[in-house]
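# Survey of secondary and tertiary structure
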Amino acid sequence: MTDTSRRALLQLAASTALAWPLTTARAARATSWDLIVVGGGNAGLPAALFAAQRGARVLIVEAAGQVGGTLFLSSGQMSAAGTRLQRERGIVDTPQSHYDDVMRISGGTADAALVRLAVFNAAAAFDWLTDHGFKVRAGHPVTGTTHDPYSHARYAWAERGGLSILAVLNEQLKPELDRGRVQVLTQHEAVELIQGRDGAVRGVVTQDAKGERTRVNGRNVALTCGGYTANPQMFEKLEGVRTYSRATYPYSRGAGIDLALAAGGVIRGGDRHMPLFGAIMSDSTYPATIQALARHFPPDRPPWEILVNVQGQRFVREDVPSHTAQELALGAQPEERCWAVFDAAILAAAPPLITGGINGPWTPADTVDAFATPTPMFHRADSLAALARAAGIEPAGLERSVRDYNRGRQSGIDALGRVHMPLPIERAPFHAVQLQSWNLTSYAGVAVDDRLRVVRTDGAPVPNLYAAGELLGMGQLMGHAVCGGMSVMPALALGRLLGAELVDLRRS
């Protein structure tokens, strides 16, 4: 995320906060709540809404100045099987098929029980959205876009991104806010769980920007406060690799992870870390903002360049038609980094490699300008050895890779099986663009049972403590892969399920 987009996000939050009746720490402390929802985003808002519709008194505790969370940034990608939209378009699909696809795409690395719970509740949540005015993009649903596709067209993007989802949630929550069943405490972070001697959770301790703490009592607590992609230390600890990008919601700091661990919970899935591909960073002070993105999906733009790692070795067939294959290959490279290498003839003849920049579209003129002044990401030299030294690549390895690629192109037999090889790399000056991994979601998450109760190492649930949303981690919901729509949709569906059925609202 750029500094400009961060400011825009905060301005958007401030401009919409007036629509929400907010409570105070004093008022929150004075009430005993049936449910305290920590984090008012894509899982927390439906949890609060559907619990309130069951008659619960619900408090949403939100660290930001406004509810919505990552919905402000999300493109609203969802997958659901057996929806009304599918039936209207003649698509025959089932949750079982959806489950089978996720397990196939993840190579069996996703958590089977959690995936089943998510996909078997997805259609009801999706239909609920469309019943209340939600619309998908023209031509959707589809089987997929750039990652491995589904067997049926069940993947749909929101017409206006995450804001389309947030608009429905806001509208449906308004009656509950007006009745006082749901109240919102913003700019307060939940920093501690209140637990009895038996370990049962009985509320939360919140803290405001001044450091003042408030004890808030509640019979149930749902942790729905997102992931930790804005917390570099936690990211590296849980996923074993550094986070290089600053591209996500600034409040994704891992508060839910800390709270769950303190209550005796278990964290799973960090070993299934998956990087995204193709970011060009603004500088090498990591985590850094993303300056631009390279086009690297062969069906959209067949590659003209080669990709090499720091040893100068090619490590993936550049025209493999799968983001997943590229991301898995990148994840195995030192520092999840590579370089696109090409020559003057390719620069002149090829479709633009870079099209998206932080200030709008990236033009060919922008590429020329980027190479004119040496930077950590753009390099140009009159020889491959000089290019390698400037970029930090092993010279002998790069020279060997270019030589072997040119020979394979001439013979028509590439060592990695590449087919699209329009030009050799032989005409100076030579060019290299550094491409870095980046992340939008976190893969480690809180372990839960089939009622979304946070569980301990022995599998026993922590009484009165639930979790949903990105806090469950993409490693559990998607495994060591990227499965289209398996972030936003499970958060919404499981948040809805939590509020509508799973939280025990019986009063003793």
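Just above sits the structure.
Our subject in this report is the structure included herewith.

### Overview of the pattern of salt bridges
Applying the stated criterion to the full structure yields 19 salt bridges. In this structure, the salt-bridge partner of arginine 104 is aspartate 101, at a minimum N-O distance of 3.2 Å. With arginine 104 and aspartate 101 both in helix H5 (residues 95-105) and three residues apart, this pair spans about one turn of that helix. One continuous salt-bridge network, built from bridges that share partners, spans Asp93, Asp101, Arg104 and Arg154.

### Some details on helix H3 (residues 44-53)
Burial within H3 is extensive, with nine of its ten residues counted as buried. Buried residues along H3 sit against strand S1 (35-38), strand S2 (58-61), helix H7 (122-131), helix H8 (162-179), strand S5 (182-185) and helix H17 (488-502). Two residues or fewer after H3 comes glycine 55, characterised by a positive phi angle close to 100 degrees.

### Focus: the sheet that holds strand S6 (residues 188-195)
The strand order S6-S7-S8 describes an open sheet built from three strands, whose pairing is antiparallel. The outermost strands of the open sheet, each flanked by one partner alone, are S6 and strand S8 (213-217). Strand-to-strand twist in this sheet, taken as the mean axis angle between neighbours without regard to direction, amounts to 30 degrees. Where strand S7 (residues 201-208) and S8 come together, five bridges link them in antiparallel fashion. Bridged to valine 204 within S8 is valine 216.

Parameters and conventions
- Residues numbered from 1 in each chain as written.
- Predicted model: local features only at pLDDT ≥ 70, side-chain atom pairs only at ≥ 80, totals over all residues.
- Heavy atoms only, no water.
- Salt bridge = Lys/Arg side-chain N within 4 Å of Asp/Glu carboxyl O.
- Helix = DSSP H or I, 4+ residues; strand = E, 2+ residues; numbered from the N terminus.
- Buried < 20%, exposed > 50% of the residue type's maximum accessible area, 1.4 Å probe, protein only.
- Contact = heavy atoms within 4.5 Å.
- Pairing = 2+ DSSP bridges.
- Axes fitted to C-alpha atoms, helices over the stretch in contact; angles between N-to-C directions.

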